[in-house]
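# Report on the structure
Given next are the chains, with one letter for each unit.
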Amino acid sequence: MTGKRKLTLICVSVALVLILCAVGILALVANSQNDKTQPREELSRWMGMIKDETLLKSVVIPGAHDAGTMGLSYLAETQDRDTADMLECGIRYLDLRVSKDKDGDLKIYHGPFKGVMLASVVLQIKEFLKNNPSEALILDFQHFDGDAEHDTQIMVRANLPVVKAAGDFVEFVDNLTLGDARGKCLVLWGADSADGEIFLRRNNDEGTLENTALQSYYEGSRNKKRSSVYIKDSLPYYIERYKQNGKGLFVLQGQLTDGLFVFGPHFREATHNKNMNAYVNDLYDSADLSLINIIMRDYVSPYKNCLALQLNVPKDNVKTEYLDEFRTMLAETLNFVRAQDLY
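Read on for an overview of the structure. (Residues numbered from 1 in each chain as written. Predicted model: local features only at pLDDT ≥ 70, side-chain atom pairs only at ≥ 80, totals over all residues. Heavy atoms only, no water.)

Assigned secondary structure in the chain consists of 11 helices and 10 strands. Classification of the 343 residues of the chain by burial places 52% in the buried group. Put simply, of all contacts in the chain between residues at least 6 apart along the chain, 73% involve residues at least 24 apart. Of the roughly 15000 Å² of accessible surface on the chain, a fraction of 54% belongs to carbon and sulfur atoms. (Helix = DSSP H or I, 4+ residues; strand = E, 2+ residues; numbered from the N terminus. Buried < 20%, exposed > 50% of the residue type's maximum accessible area, 1.4 Å probe, protein only. Contact = heavy atoms within 4.5 Å. Areas by Shrake-Rupley, 256 points an atom, 1.4 Å probe, with all protein chains shown as cover.)

Set out below in structure tokens:
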């Protein structure tokens, strides 16, 4: 090996080591900001405090991006709580992506990484609804890997209580009240096998499909921007797109994307968390409030969820007899976390 080639090899090796060290340090910094606060008991039944006649699309609902990814590689993990914990924390929308492995097992996946068994997620959902019949869940099966669709449908049909659409399913969803959805799952489907009765067709990321029951706009180039730009430009853009459509449920995507596939979701969330919290908090007095439905985030927690849940107060969604209890639940969660500088 020539001296010049050897020097080049050394320089490349040193650069790789420095990059790995930097990623490790950034991961440690991000992990140090984990909010593992335990939820108040009321968060497991918060929907019971919302008026029965409230349209589901009018309820402000905390959502979990890539639910079921706890324990995956730092490049793929977007949540650090399991399904049961997230539901107890107040999450009522789960973004689920299912892969079928070579052994025929259905697993939650994100990118090339496979995580927990779908059967485990379904069991935790079933148990939660059994114990909390006042609640309703939105299950958004937006992506499938391989031929997981058919087996996922079988598992959902066999194990979960589901909302069944009658007539035109988009009109049905637009008029679905929380009272009619209690104790059940509304299932959205990101594949052509949606039947329009149990598995309701969702729109794609670009929002180019017609007659869909859920809109969840995502343009990678927008979500790869730095936090301040994303909040200033991208979120208003997504809200305006829904305003022009107005049909079905609406997911406001609150997470950033790691465009370099180096730092991972946890670090991106660490740079974005406080800004996004402030944005959600400011929606309380926003002209956009009437359009806000599901707010989806990475690394959900009681604090983040309560920031979203408080928006049900100015929307007049809370039952009068529960208003004091609802406000106490919010205040005690938000103040506890703020006091520990975990937000």
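Take the pairing of strand β10 (residues 294–297) next. Along β10, one buried face is formed by Ile 294 and Met 296 and the opposite face, lined by Ile 295 and Arg 297, is buried too. In terms of strand pairing, strand β1 (residues 61–64) meets β10 through four bridges, oriented parallel. When the bridges of β10 are listed, Ile 61 appears paired with Ile 294. Summarising the sheet, strand β9 (residues 249–253) and β10 pair through three bridges and their orientation is parallel. If you follow Gln 253 over to β10, its bridge partner there is Met 296. (Pairing = 2+ DSSP bridges.)

Direction vectors running N to C along helix α9 (residues 264–282) and helix α10 (residues 302–309) enclose 25°, while the axes themselves pass 9 Å from each other. With respect to α10, the element α9 is oriented roughly parallel. Judged by the sense of rotation from one axis to the other, the crossing of α9 with α10 is left-handed. The segment α9 lies against α10, with Glu 269, Asn 273, Asn 277, Val 280 and Asn 281 engaging Tyr 303, Lys 304, Leu 307 and Ala 308. (Axes fitted to C-alpha atoms, helices over the stretch in contact; angles between N-to-C directions. Parallel < 35°, antiparallel > 145°, perpendicular 65-115°, else oblique. Left-handed = near helix turned anticlockwise from the far one by under 90°.)

We now examine the pattern of salt bridges. In the structure shown here, the tally under the stated rule is 22 salt bridges. Two residues, Arg 202 and Asp 140, come together in a salt bridge whose shortest N-O distance is 2.6 Å. Pair noted here: Arg 202 is in the loop between β7 (199–201) and β8 (214–215) and Asp 140 is in strand β5 (residues 137–145), with a separation of 62 residues, a long-range link. There is no split in this pair, since Arg 202 and Asp 140 are both buried. A salt bridge links Lys 304 to Glu 269; the shortest N-O distance between them is 2.7 Å. Taken as a pair, Lys 304 in helix α10 and Glu 269 in helix α9 lie far apart in primary sequence, 35 residues in all. Counted as one network, the salt bridges with shared partners bring together Arg 40, Glu 42 and Glu 332. (Salt bridge = Lys/Arg side-chain N within 4 Å of Asp/Glu carboxyl O.)

Take helix α4 (residues 148–159) next. Across its 12 residues, α4 extends 17 Å between first and last C-alpha, which sits within 8% of the 16 Å expected from 1.5 Å per residue. Looking at the buried side of α4, the elements it contacts are β2 (93–100), β3 (106–110), α3 (118–131), β5, β6 (185–189) and β7. (Expected span 1.5 Å × (residues − 1).)

Running from N to C, α3 and α4 cross one another at 25°; their axes reach a closest spacing of 11 Å. With respect to each other, α3 and α4 are oriented roughly parallel. For the crossing formed where α3 meets α4, the hand is right-handed. For the pair α3 and α4, the contacting residues are Leu 118, Ala 119, Val 122 and Lys 126 in the first and Thr 152, Met 155 and Asn 159 in the second. Looking at the contact of α3 with α4 residue by residue, the class counts come to four nonpolar, two polar and one charged. (Nonpolar A, V, L, I, M, F, W, Y, C, P; charged D, E, K, R; others polar.)

Once that is clear, we can look at the pairing of β5. Taking burial as the measure, the nine residues of β5 include seven buried ones, the bulk of the element. Here seven bridges tie β2 to β5, and the two strands are oriented parallel to one another. Along β5, the bridge assignment pairs Leu 96 with Phe 141.

This part is about the packing of aromatic side chains. A complete count under the given rule lists nine aromatic pairs for this structure. The interplanar angle of 45° and the centroid separation of 4.7 Å between the aromatic rings of Phe 144 and Trp 189 together place this pair among those described as tilted. Here the residue Phe 144 occupies a position in strand β5, and Trp 189 occupies one in strand β6, the gap between them amounting to 45 residues. Neither residue differs from the other here; Phe 144 and Trp 189 are each classed as buried. Ring centres of Tyr 242 and Phe 250 lie 4.4 Å apart, and the angle between their planes is 5°; on these two criteria the pair is classed as stacked. Look at Tyr 242 and you get buried, because its relative accessible area is 4%. (Phe/Tyr/Trp six-rings, centres within 6.5 Å; stacked < 30°, edge-to-face > 60°.)

Counting 60 residues, the largest nonpolar core has Trp 46, Ile 61, Tyr 279 and Phe 326 as the members making the most contacts within it. Counting residues per element, this core draws most heavily on helix α8 (residues 227–245), at six residues. If you look at the next biggest cluster of nonpolar residues, it comprises 32 residues, including Met 86, Leu 96, Val 98 and Leu 137. (Core = buried A, V, L, I, M, F, W, Y, C linked by side-chain atoms within 4.5 Å.)

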